[in-house]
Amino acid sequence: MIEVELANRQAVQYIVRRFNLRLKHKLGQNFLIRPDVVEAIARAAELDEGTPVMEIGPGIGTLTQALARTGAEVTAFEIDGSLERVLTHTMEPYPNVHIVYEDVLKADLPHILGNREWHAAANLPYYITTPILLYLIQSELPISLFVFMMQKEVADRIMADPGSKAYGALTIAVQYYCTVEKVMDIPPTAFIPRPAVTSTVLKMRRREQPAVIVKDESLFFNLVKMGFGQRRKVFANAMKMGGIPADLAGRILEKAGVDGKRRGETFSMEEYGRLADAWYDLK
Ligand code: SAM
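Residues numbered from 1 in each chain as written. Predicted model: local features only at pLDDT ≥ 70, side-chain atom pairs only at ≥ 80, totals over all residues. Heavy atoms only, no water.

(A) Seen up close, the pattern of salt bridges. Under the defined criterion, the tally for this structure stands at 14 salt bridges. Residues Glu46 and Arg205 are paired through a salt bridge, measuring 2.7 Å at the closest nitrogen-oxygen approach. Remark: Arg205 occurs in strand 9 (residues 199-206) and Glu46 occurs in the loop between helix 2 (35-44) and strand 2 (52-56); sequence separation between them is 159 residues. The exposure class assigned to Glu46 is partly exposed, which follows from its relative accessible area of 33%. Given a relative accessible area of 34%, Arg205 falls into the partly exposed group. Its salt-bridge partner being Asp281, residue Lys255 comes within 3.8 Å of it at the nearest N-O pair. On the criterion of sequence distance, the pair formed by Lys255 in helix 11 (residues 246-256) and Asp281 in helix 12 (residues 269-282) is long-range, its members being 26 residues apart. Salt bridges linked by common partners bring Glu46, Lys203 and Arg205 together as one network. (Salt bridge = Lys/Arg side-chain N within 4 Å of Asp/Glu carboxyl O. Helix = DSSP H or I, 4+ residues; strand = E, 2+ residues; numbered from the N terminus. Buried < 20%, exposed > 50% of the residue type's maximum accessible area, 1.4 Å probe, protein only.)

(B) Layout of the packing of helix 11 against helix 12. Contact pair helix 11 / helix 12: the axes reach a minimum separation of 8 Å and the direction vectors enclose 125°. Our classification of the angle between helix 11 and helix 12 gives oblique. Where helix 11 crosses over helix 12, the two elements pack in a sense that is right-handed. Where helix 11 approaches helix 12, its residues Leu248, Arg251, Ile252, Leu253, Lys255 and Ala256 are matched on the opposing element by Arg274, Leu275, Ala278, Trp279, Asp281 and Leu282. Counted by class, the contact of helix 11 with helix 12 contains eight nonpolar, no polar and four charged residues. (Axes fitted to C-alpha atoms, helices over the stretch in contact; angles between N-to-C directions. Parallel < 35°, antiparallel > 145°, perpendicular 65-115°, else oblique. Left-handed = near helix turned anticlockwise from the far one by under 90°. Contact = heavy atoms within 4.5 Å. Nonpolar A, V, L, I, M, F, W, Y, C, P; charged D, E, K, R; others polar.)

Printed below as a string of C-alpha cells:
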C-alpha cells in the first residue's frame, strides 16, 4: 500500500469499506480522523529516531502512523486479531512498526520490553482505560513517559485537587508515581464513530522517586483506600471501618498531626504519607 494519510475521515471511511470492517464498540474502537491530533500525541511522546515506544490499540494504524513517522521503533499491542489484515497493508511502508496481536494486559511485557527505557502512547479503549493505566504505571516496567488519550472525566480525576469532587484514589495512584500535564481536549467529532464524551490527552512522566517517600507503601495505599472507600465518613471512623482499633487510630492521627474529624477526601498526598509513617512507627 502506498503511503497515505490515515488519520482523516476519507481514509478511515475508505478502509472500513474496503476491508468490510464492523467496528467493535465493546473493544472501544473509535478511530481518530484528525491529523493534527495524532501529530500532537506523537510530539508529546518526545520521540526521536530509534526511541522505543509502545502503543496500546493501534486499530487501523491512525496514531501508529504518526508515531512511526518520527523514526521511533513502535511496538503496538492490538487485541483484535481481525485487524491484522488491515494493519498489514496500512503499516507496510513502516518497517519500524511491529504489531503484537495480544491483550496488552496479558502480554509478557517484561520480556517484550526488556531493559531499555520506553515511552508509551495510546488512544486508550474507554472500557478498560483505568486498568491499563494503573497496570502500566504501578508495574516495574521500564516506561518513563505515558501520553494517553482517555475520557475527559477520567483525566479530570487524575488531575484533581484535594477536596474536589473528582479527587480520589485514582488521583493519588497516578500522581504518586508520575507528574501529570494536560496536552489537549478532543471533541467527539475527531473520531469515527463519535464517542458520547469529550476526550483528553494527558502526559504522565514517571518520577525519579514517588511523590511522597513513605516507610511502607502498602500502609500508605491502605489508608488511601480507607479514605476514599468511605468518602462520607470522617477519617477517624473510616480508619475504624478499615480495621484499625480506635485507640491506635487516635494515636496515629495525633502523631501525624492530622485531624481525624476531617474526611479523607480532603487529605493531600503528604498527609496520607505522614499517616502511613505514623502507623508504621506505632505498629
Ligand atoms: N489507535 C487507534 C486510533 O487512535 O484511531 C485506535 C484506538 S481505539 C480507541 C482502541 C483500540 O484498542 C482498538 O483498536 C481496540 O481493538 C484496542 N484494544 C481494546 N482493548 C485492548 C486490549 N486489552 N489490549 C490491546 N488492544 C486493545
